[in-house]
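# Chain and residue survey
The residues making up each chain are set out below.
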Amino acid sequence: MKRILTLVLAVALILGLASAASAQTVLKLAEVHKEGYPTALADVEFARLVEEKTEGRIKVEVYLGGTLYETEPASIEALQLGDLAFSRVSASPVSNFVPAINAIQMPYLYKSGAHMWAVLNGEIGQSFLKGIEEHETAGLMGLCYYDAGSRSFYLTKEVHTVADMAGLKIRVQDNAMMKRMVELLGATPVTGIGPTAVRENIATGVINGAENNWPTYQNMGDYEVAKFYILDQHTRVPEIMLASKAALKDLSPEDMAIIRECAVAVQQFEIDEWAKKEASSEEIVRAAGTTVIELTPEARAEFEERMLPLYQEFGAQWMDLINQIKEIGKDF
Ligand code: BDP
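Residues numbered from 1 in each chain as written. Predicted model: local features only at pLDDT ≥ 70, side-chain atom pairs only at ≥ 80, totals over all residues. Heavy atoms only, no water.

### Examining the overall build of the protein
The helix and strand inventory of the protein stands at 14 helices and eleven strands. Seen along its three principal axes, the alpha-carbon backbone of the protein occupies a region of about 95 × 45 × 30 Å. Counting across all 332 residues of the protein, residues that qualify as buried make up 52%. Within the protein, contacts between residues separated by at least 24 positions form 77% of all contacts whose residues are at least 6 apart in sequence. Counting only carbon and sulfur atoms, one obtains 54% of the accessible surface of the protein, whose full area is about 14,700 Å². (Helix = DSSP H or I, 4+ residues; strand = E, 2+ residues; numbered from the N terminus. Buried < 20%, exposed > 50% of the residue type's maximum accessible area, 1.4 Å probe, protein only. Contact = heavy atoms within 4.5 Å. Areas by Shrake-Rupley, 256 points an atom, 1.4 Å probe, with all protein chains shown as cover.)

Now the structure itself:
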């Protein structure tokens, strides 16, 4: 009798443990960058923190290098369907779902990275994150921002002025404003190419170049095929850690609060990693013999001037906020 009781208890214990283990919620996170890139390091740290702080109730599986979704629009759609819990994306494709986001990535909006962070960490930036969540149909939450420096053109041909851009086929992110930006320069925008496929498309001549920050230009190997980096620094497009409302709907308020805290905590982690990577990428690119073209003040002013219509075409609804962002810039 005693033996049977022990057996029953043992079985009950095993079943209990099994169900506790299966009570763990597994959530997927998609990232286009490879291991070691600042955003990828931060995603992994986010996953570690979430598992630690929820005492193992939540496990975040991180899929790097675009292995789960090759493009960011595809991962955003997966978030909307609830097939994916998190995706670290650039703010640029988010504006297809929440148009207001364009207001924080207008060309030549920020004087420096410090100016951008004062905005993003302040009331304006936080209100845009909330705006993603409050958007009625997007089905998304914006948890935090990551740094992505400034973006410049890189091409297979030398460019010193706007006139030199004429007719070039340039890959841009999937965002109507970025397409229009390239048109305003007299070049032809090409979309639908994920960042991991840019190198190949340049190498085969489908496009003559693209635009991005030093780390992506270097890490994706694009600098090996587009050997001219034109330092026009037209935009600062922050990254956003997005979450899916549908995938997280059954989490307890306590676990949801932990997730939000962990995202806020890794933001600074990523910013620190970013600074290191930006410097080392620039060094690698320069050492490889890339021609880095500094624009004359006149040429740079012309790039800026050509892009001005974008403020009316894509920012008119948020002009007050855009002006406030510029006002904050006076201190930088
Ligand atoms: C990089 C961003 C990445 C974007 C990529 C792009 O980190 O999220 O997907 O640009 O241009 O800077 O698509």
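Don't stop here, the text continues.
### Considering the site of the ligand
Every residue near the ligand is listed here: His 33, Glu 72, Arg 88, Ser 90, Arg 151, Arg 171, Gln 173, Pro 195, Asn 212, Asn 213, Thr 216 and Glu 239. Residue Asn 212 places a side-chain N or O atom 2.7 Å away from an oxygen atom belonging to the ligand. Taking 320 Å² as the accessible area of the ligand by itself, protein coverage stands at 98%. Partitioned by chemical class, the residues of the shell around the ligand number one nonpolar, six polar and five charged. (Near = heavy atom within 4 Å. Polar contact = N/O pair within 3.5 Å; in protein donor to acceptor, adjacent residues only side chain to side chain. Nonpolar A, V, L, I, M, F, W, Y, C, P; charged D, E, K, R; others polar.)

### Here's the deal with the packing of aromatic side chains
Scanning all chains against the criterion turns up seven aromatic pairs. Relative to Tyr 229, the ring of Tyr 217 lies with its centre 4.6 Å away and its plane at 20°, an arrangement referred to as stacked. Of this pair, Tyr 217 sits in helix α9 (residues 214-219) while Tyr 229 sits in strand β9 (residues 228-235); the two residues are twelve residues apart in sequence, bridging distant segments of the chain. This pair shows no difference in class: Tyr 217 is buried, exactly as Tyr 229 is. Taken together, the aromatic side chains of Tyr 154, Trp 214, Tyr 217, Tyr 223 and Tyr 229 make up a single cluster linked through ring pairs. When the ring centre of Tyr 311 is taken as origin, the NZ or CZ atom of Lys 326, which lies over that ring, is 4.5 Å away. (Phe/Tyr/Trp six-rings, centres within 6.5 Å; stacked < 30°, edge-to-face > 60°. Lys NZ or Arg CZ within 6 Å of the ring centre and 35° of its normal.)

### Let's talk about the packing of helix α2 (residues 38-53) against helix α11 (residues 253-287)
Running from N to C, α2 and α11 point in directions that differ by 150°, and their axes come no closer than 8 Å. Classified by the interaxial angle, the pair formed by α2 and α11 is roughly antiparallel. Read as a crossing pair, α2 and α11 show a hand that is right-handed. Here α2 contributes Pro 38, Thr 39, Leu 41, Ala 42, Glu 45, Phe 46, Leu 49, Val 50 and Lys 53 to the contact with α11, which in turn contributes Ile 258, Ile 259, Cys 262, Ala 263, Ala 265, Val 266, Phe 269, Glu 270, Glu 273, Trp 274 and Lys 277. (Axes fitted to C-alpha atoms, helices over the stretch in contact; angles between N-to-C directions. Parallel < 35°, antiparallel > 145°, perpendicular 65-115°, else oblique. Left-handed = near helix turned anticlockwise from the far one by under 90°.)

### Observations concerning the environment of Ala 100
Note on placement: Ala 100 falls in the loop between α4 (91-94) and α5 (113-121). For Ala 100, a relative accessible area of 17% puts it in the buried group. Remark: the alpha-carbon pair of Ala 100 and Lys 249, spanning 149 residues in sequence, is separated by 25 Å. Those residues within four positions of Ala 100 in sequence are excluded, and the remaining contacts are Phe 128 and Trp 318.

### Focus on the sheet that holds strand β3 (residues 86-90)
As summarised here, the arrangement of the five strands in space is β2-β1-β3-β10-β4, forming an open sheet in which the pairing is mixed. Every interior strand has two partners, whereas the edge strands, β2 (58-63) and β4 (140-146), have only one. Going from strand to strand, the sheet's axes swing by 25° on average, the running direction of each strand aside. Direction of pairing for strand β1 (residues 25-31) relative to β3: parallel, over a ladder of three bridges. Bridge pairing in β3 places Ala 30 opposite Ser 87. In this fold helix α3 (residues 72-81) packs onto β1, β3, β4 and β10 (239-244), with an angle of close to 145° to the strand it touches most, β3. (Pairing = 2+ DSSP bridges.)

### Considering the side chain of Lys 277
By secondary structure assignment, the location of Lys 277 is in helix α11. Here Lys 277 sits buried without a salt bridge, and the closest side chain of opposite charge, Glu 273, lies 9.4 Å off (N-O distance). Residues within four places of Lys 277 in sequence aside, it is in contact with Tyr 37, Pro 38, Pro 215, Gln 218 and Asn 219. (Lys, Arg positive; Asp, Glu negative; His and termini not counted. Salt bridge = Lys/Arg side-chain N within 4 Å of Asp/Glu carboxyl O.)

### A few points about α2
Between the first and last C-alpha of α2 there are 22 Å, a value that for 16 residues agrees with the 22 Å anticipated at 1.5 Å per step. When α2 is considered as a whole, its buried residues turn out to be Pro 38, Thr 39, Ala 40, Ala 42, Asp 43, Glu 45, Phe 46, Ala 47, Leu 49 and Val 50. Elements that come into contact with the buried residues of α2 comprise β1, β2, β3, β4, β10 and α11. Immediately beyond the C-terminal end of α2, within one or two residues, lies Glu 55, with a positive phi of roughly 50°. (Expected span 1.5 Å × (residues − 1).)

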